[in-house]
Amino acid sequence: MRMLQRLRNPLVLILLSAAAVAAVTGDIPSFAIISLIVALSVLVDSLQEHGAEKAADGLRASVALMERVRRGGREVTVPAEEIVPGDIVLLAAGDLVPADGRVLEARDFFVNEAALTGEPYPGEKRPGEGTAGADLTAASNAAFMGSSVMSGSARLLVVATGARTELGRIAGTLRREPPPAALERGTYRFGTLIMRLTILLALFALLANILLHRPVLDSFLFAIALAVGLTPELLPMVVSVTLARGALRLAGQRVIVKRLAAIHDLGAMDILCSDKTGTLTEARIRLIREVSLTGKDSQRVLELAWLNSHFETGLRSPLDDAILEKAGPADDGWTKIDEVPFGFDRRRVSVLLERQGERRLIVKGAPEDVLRLCDRYEPDEPGRPLPLDAAAMAQAHDVFERMSGEGYRLLGIAWRVMEPDRSHAAVDDETSLVFAGFAAFLDPPKASAGDAVRALQRLGIRVKVVTGDNEFVTRRVCQDLGIVATEVLTGTEIGRLDDDALAARAQEVTLFCRVTPAQKTRVLLALKRRDHTVGFLGDGINDASALHTADVGISVDSAVDVAKDAASLILLEKDLGVLARGVREGRRTFANIMKYIMMGTSSNFGNMFSMAGAALLLPFLPMLPIQILLNNLLYDVSEIAIPFDDVDADALARPHRWDMTFIRDFMVTLGPVSSLFDFLTFGLLIWVFQAGEALFQTGWFVESLATQILVIFVIRTRGNPFADRPHPLLLASSLLVLMVAIALPFTPVGAWLGFVPLPPEYLAALAGLTLAYLLLAEIVKRQFYRRHATQG
């Protein structure tokens with residue numbers, strides 16, 4: 001089916017039509033050559049792309065989403081796509097719901113169903129009987145594929161999968177093709193440019209030959225062959241194979257590619273936004289101190305923090321693990337009544353507990369948010385809570401800023417007494433709190449992070465930190481790592497800026513602190529608006545939207561499901577050093593794609609342009625249609641090894657983007673050089689060797705291939721071709737095709753194709769012409785790059 005789909009290509013259909021006409025008119029050689037070219041083109045393209053996609057699929061499978069299910073009485077882990085009705089899925093915070101199902105058990109189970117219902121806030125799901133005919137928003141006892149677990153845990157009995165789910169039923173209305181990636185946009189624009197030139201030249205050649213009263217069939221086949229010669233039909237295969245090879249090489253660098261086009265975006269990336277946790281720091285968080293509002297050590301803070309973390313069933317963070325690890329089990333008879341799960345906009349979590357008839361709400365969260373909700377605080381000595389007046393608030397902020405500046409991450413701990421009969425807790429209850437103090441954590445900077453940041457900076461990538469942490473601790477971490485933070489923008493300040501103002505500020509700001517998930521997305525959009533290619537590295541539930549928004553979303557293998565699903569690249573190591581190596585590979589891949597573009601827009605285009613012009617000046621066709629097609633086939637074969645070639649150091653040193661102006665200028669500059677030597681060859685054949693039709697066509701066939709093939713070694717590098725050696729496969733394929741082209745006229749196959757043996761004197765003259773062409777092409781190439789560098 002893949003091969004049949006390629007037969008629908010308009011160019012292939014034209015070729016098949018031409019083959020049919022040739023067969024009907026008895027032109028068997030043309031029929032055979034055209035059919036062979038179509039078959040080889042479709043076969044090579046299909047096999048290469050199939051191999052590339054198979055390799056990429058294998059890599060993607062290594063980071064496929066896995067789910068815990070109970071099946072046959074046992075708990076097993078299976079790929080999400082293998083879940084079937086009857087499985088019981090065990091869900092926890094951060095998971096994607098893999099199928100439609102009924103909730104059997106739940107603990108504070110909140111699910112985001114925005115993709116299905118449009119409702120932006122998570123809804124709680126619990127066991128029970130549903131209402132017949134209820135819509136999705138009212139189905140409180142069911143969870144649906146496409147939604148994500150924000151907090152809590154549950155057991156879900158699967159009742160529908162795939163197309164039978166609610167998401168499957170409405171997939172047609174929900175499906176939105178993602179915007180084309182930069183690589184796809186670039187190849188489309190290039191293809192459009194070449195196709196316009198192709199149509200123009202082909203119609204010109206056809207009209208000119210008809211006006212010169214040449215046979216209509218020959219004129220038609222000549223125009224078709226000219227179109228084939230101009231069309232970069234190898235480009236899709238070169239792109240697919242180059243990207244797939246890049247994906248395999250990235251896998252060797254511990255980076256898994258989920259979307260092949262993201263390799264180009266990774267190479268073009270000039271700004272990387274990252275949360276500091278786990279990428280710039282060790283992500284081995286330890287609880288170091290617990291202090292009161294005045295900064296004195298406080299066992300009371302540890303007790304309250306432990307109770308909150310112990311009874312919390314929602315999204316558990318490394319901070320909770322650090323608290324539980326230090327304090328150990330000590331619930332002291334407290335039992336849980338209810339919970340207000342962690343919210344990324346609130347930045348806190350609350351649990352409602354009871355002991356001996358007393359019910360108490362314990363709150364843990366970002367210090368600035370918790371302090372804002374308090375009106376009293378616990379004194380250092382046991383006693384009644386004191387009013388949190390301006391002086392006490394100032395003292396709390398002094399402690400907060402001082403400890404944050406020392407590199408500590410702080411949580412604020414507070415509480416309040418609730419009514420004895422209160423059976424549930426809500427966000428509105430988080431008021432009139434008593435502030436207990438701060439829990440101070442230490443997450444030291446990663447030893448390798450400083451070197452990795454400097455490596456990214458040497459690659460022309462600016463690293464910006466976008467984090468929910470406060471600016472004091474973030475600035476300290478960046479200072480330890482050598483990241484220059486000239487300006488800081490907080491979430492509160494971002495909220496006061498419109499999109500244009502944020503785009504202007506985001507250019508210069510290095511640290512974005514205390515930001516919400518929605519604000520992370522706004523920061524990325526602001527940077528993209530200023531024409532940056534932006535990467536985002538994240539691994540949490542709150543990072544999913546930003547990962548979708550970035551040009552290249554990057555996550556880690558240990559990330560939650562929603563983050564891994566949104567990302568284009570998965571790092572198997574939580575290390576920026578791995579990413580720096582991946583950037584180099586992305587640039588290597590793009591550079592090899594550009595080599596094919598540069599070749600196709602210089603020598604190949606120049607030769608086809610010369611051919612169209614020669615059709616006006618000669619009393620016969622400058623090359624038979626089957627000879628043009630064979631020329632094009634051999635040239636394509638010589639370039640098959642481009643994906644394996646090395647690239648210039650300059651191509652790895654800085655970001656490169658698809659630049660149609662650069663491509664057009666290169667074509668206009670190098671193309672005429674090729675055409676100049678084509679017309680010199682015409683003069684040599686006509687005036688020196690008195691060539692007739694067969695000798696002219698043979699001589700130009702060999703000259704055309706020789707110049708097209710050998711100029712590869714000039715164009716493939718910006719520097720000295722002798723100093724930058726090509727890959728052995730590229731060298732072998734090119735020289736082999738050149739030898740075939742020179743030997744072909746001396747064989748019976750050559751005679752069948754209309755070729756005649758070439759005089760030795762012509763071959764010697766051709767060698768001199770080709771050498772002169774390569775020297776001039778090298779001179780013009782260097783002048784072009786110097787002029788381009790000056791203008792840039």
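Residues numbered from 1 in each chain as written. Predicted model: local features only at pLDDT ≥ 70, side-chain atom pairs only at ≥ 80, totals over all residues. Heavy atoms only, no water.

Observations concerning empty space enclosed by the protein
- Counted by the stated rule, this structure contains two cavities of 30 Å³ or more.
- Quantified by volume, the second largest cavity comes out at close to 50 Å³.
- Along its surface, the second largest cavity is lined by Thr-242, Arg-245, Gly-246, Arg-249, Glu-585, Arg-588, Thr-589, Asn-592, Pro-643 and Asp-645.
- Of all the elements in the fold, those that place two or more residues in the lining of the second largest cavity are helix 9 (235-252) and helix 22 (576-600).
- Of the residues belonging to the lining of the second largest cavity, the class tally is one nonpolar, four polar and five charged. (1 Å grid on protein atoms, 1.4 Å probe; cavity = no way out; pocket = protein on both sides within 12 Å on 5 of 7 lines; lining within 4 Å. Points joined across faces, edges and corners; volume = space filled by probe spheres on them. Helix = DSSP H or I, 4+ residues; strand = E, 2+ residues; numbered from the N terminus. Nonpolar A, V, L, I, M, F, W, Y, C, P; charged D, E, K, R; others polar.)

Quick word on the pairing of strand 14 (residues 374-377)
- Examined bridge by bridge, strand 14 and strand 17 (residues 433-442) share three bridges and lie parallel to one another. Directly across from Cys-374, in strand 17, lies its bridge partner Leu-433.
- Direction of pairing for strand 14 relative to strand 15 (residues 386-387): antiparallel, over a ladder of two bridges. Looking at the pairing, Arg-376 lines up with Pro-387 of strand 15. (Pairing = 2+ DSSP bridges.)

Observations regarding the pattern of salt bridges
- With the rule as written, the count across this model stands at 41 salt bridges.
- The partner of Lys-296 in a salt bridge is Asp-380, and the shortest N-O contact between them spans 3.9 Å. Taken together, the residues span a long stretch of sequence, with Lys-296 in the loop between strand 10 (286-291) and helix 11 (299-311) and Asp-380 in the loop between strand 14 and strand 15 at a distance of 84 residues.
- Across the pair Arg-409 and Asp-469 runs a salt bridge whose closest N-O atoms are separated by 3.1 Å. You can see Arg-409 sitting in strand 16 (residues 408-418) and its partner Asp-469 sitting in the loop between strand 18 (462-466) and helix 16 (471-481), a full 60 residues away along the chain. For the pair Arg-409 and Asp-469, one class covers both residues: buried. (Salt bridge = Lys/Arg side-chain N within 4 Å of Asp/Glu carboxyl O. Buried < 20%, exposed > 50% of the residue type's maximum accessible area, 1.4 Å probe, protein only.)

Details of the packing of helix 22 against helix 26 (residues 660-688)
- Their axes nearest at 9 Å, the elements helix 22 and helix 26 cross at an angle of 40°. It follows from the interaxial angle that helix 22 and helix 26 lie oblique. For the pair formed by helix 22 and helix 26, the contact residues are Met-594, Ile-597 and Met-598 on the first element and Phe-662, Ile-663 and Phe-666 on the second.
- Of the residues assigned to the contact of helix 22 with helix 26, the class counts are six nonpolar, no polar and no charged. (Axes fitted to C-alpha atoms, helices over the stretch in contact; angles between N-to-C directions. Parallel < 35°, antiparallel > 145°, perpendicular 65-115°, else oblique. Contact = heavy atoms within 4.5 Å.)

What to know about the nonpolar core
- Grouped together as the largest cluster of nonpolar side chains are 145 residues, with contacts concentrated most on Leu-272, Phe-512, Ile-554, Leu-576, Trp-658 and Phe-701.
- Of all hydrophobic cores here, the second largest spans 26 residues; its members include Val-340, Cys-374, Leu-410 and Phe-438. (Core = buried A, V, L, I, M, F, W, Y, C linked by side-chain atoms within 4.5 Å.)

Quick word on the side chain of His-532
- By the secondary structure assignment, His-532 is in the loop between helix 19 (517-529) and strand 21 (534-537).
- A polar contact of 2.8 Å, which involves the side chain of His-532, links it to the side chain of Asp-270. (Polar contact = N/O pair within 3.5 Å; in protein donor to acceptor, adjacent residues only side chain to side chain.)

A word on the sheet that holds strand 18
- Here we have eight strands laid out as an open sheet, ordered 8-23-22-21-9-18-20-19, and mixed in their pairing. The two strands at the open ends of the sheet, each matched to only one other strand, are strand 8 (255-257) and strand 19 (488-490). The sheet shows a mean angle of 20° between the axes of neighbouring strands, taken without regard to direction.
- For strand 18 and strand 20 (residues 511-513), the ladder comprises two bridges, and the chain directions are parallel. Within the sheet, the bridge partner assigned to Val-466 lies in strand 20 and is Phe-512.
- Along the sheet face, helix 18 (residues 499-508) touches strand 18, strand 19 and strand 20 and points at about 120° away from the line of strand 18.

Digging into the environment of Ile-626
- Within the secondary structure layout, Ile-626 lies in helix 24 (residues 625-638).
- The buried category is assigned to Ile-626, whose relative accessible area is 6%.
- In the structure, Ile-626 is positioned 405 residues away from Leu-221 in sequence and 8.3 Å away in space, judged by C-alpha atoms.
- Residue contacts for Ile-626: discarding those within four places in its chain leaves Pro-29, Ser-30, Ile-33 and Leu-753.

What about helix 18?
- Restricting attention to buried positions, one finds in helix 18 the residues Leu-502, Ala-503, Ala-506 and Gln-507. Projection of helix 18 onto a plane perpendicular to its axis shows the buried side chains occupying an angular sector of 140°, all on one side.
- For helix 18, the elements touching its buried residues are strand 18, strand 19, helix 17 (491-495), strand 20 and helix 19.
- Structurally, the start of helix 18 carries an N-cap: the backbone nitrogen of Asp-500 is 3.3 Å from a side-chain oxygen of Asp-498. (Arc of directions from axis to C-beta.)

Focus: the confidence of the model for the protein
- Of all residues in the protein, 87% have pLDDT values of 70 or greater, and the mean over the chain is 83.
- Within the protein, no element has a lower average pLDDT than helix 6 (residues 171-174), which sits at 46, and none a higher one than strand 14, at 95.
- Per-residue pLDDT stays below 50 along residues 172-178; that stretch engages in two contacts with residues further than four places along the chain or on separate chains. (pLDDT = per-residue confidence, 0-100.)

Description of the state of the cysteines
- Applying the stated criterion across every chain, the model contains zero disulfides.
- No disulfide involves Cys-478; its nearest neighbouring cysteine sulfur is the one of Cys-513, lying 7.6 Å away. (Disulfide = S-S within 2.5 Å.)

Regarding a nonpolar patch on the surface
- Taken together, Phe-204, Leu-212, Leu-616, Leu-617 and Phe-679 make up a surface patch of nonpolar side chains, about 470 Å² in accessible area.
- Here Leu-616 shows up in helix 23 (residues 603-617). (Patch = residues over 30% accessible without salt bridge, like charges linked within 9 Å, V, L, I, M, F, W, Y side chains within 5 Å. Areas by Shrake-Rupley, 256 points an atom, 1.4 Å probe, with all protein chains shown as cover.)

Considering helix 16
- Within helix 16, the full set of buried residues consists of Glu-471, Val-473, Thr-474, Val-477, Cys-478 and Leu-481. Viewed end-on, helix 16 has its buried residues packed into an arc of 170°, placing them on one side of the element.
- Against the buried residues of helix 16 lie helix 14 (390-405), strand 16, helix 15 (449-458), strand 18, strand 19 and strand 20.
- Gly-482 sits one or two positions beyond helix 16 and adopts a positive phi of about 85°.

Quick look at the packing of helix 27 (residues 693-710) against helix 29 (residues 728-743)
- The geometry of helix 27 relative to helix 29 is characterised by a closest axis approach of 9 Å and an angle of 170° between their N-to-C directions. It follows from the interaxial angle that helix 27 and helix 29 lie roughly antiparallel. Taking contact as the criterion, the partners of Phe-701, Val-702, Leu-705, Ala-706, Ile-709 and Leu-710 in helix 27 are, on helix 29, Ser-734, Val-737, Leu-738, Ala-741 and Ile-742.
- Its residues placed into classes, the contact of helix 27 with helix 29 shows ten nonpolar, one polar and no charged.

Thoughts on unusual backbone geometry
- Despite not being glycine, Ser-432 shows a phi value in the positive range, around 50°.
- As for its position among the elements, Ser-432 is in the loop between strand 16 and strand 17.
- The phi dihedral of Arg-514 is positive, around 55°, even though this residue is not glycine.
- Topologically, Arg-514 is positioned in the loop between strand 20 and helix 19.
- Classification of Arg-514 as partly exposed rests on a relative accessible area of 23%.

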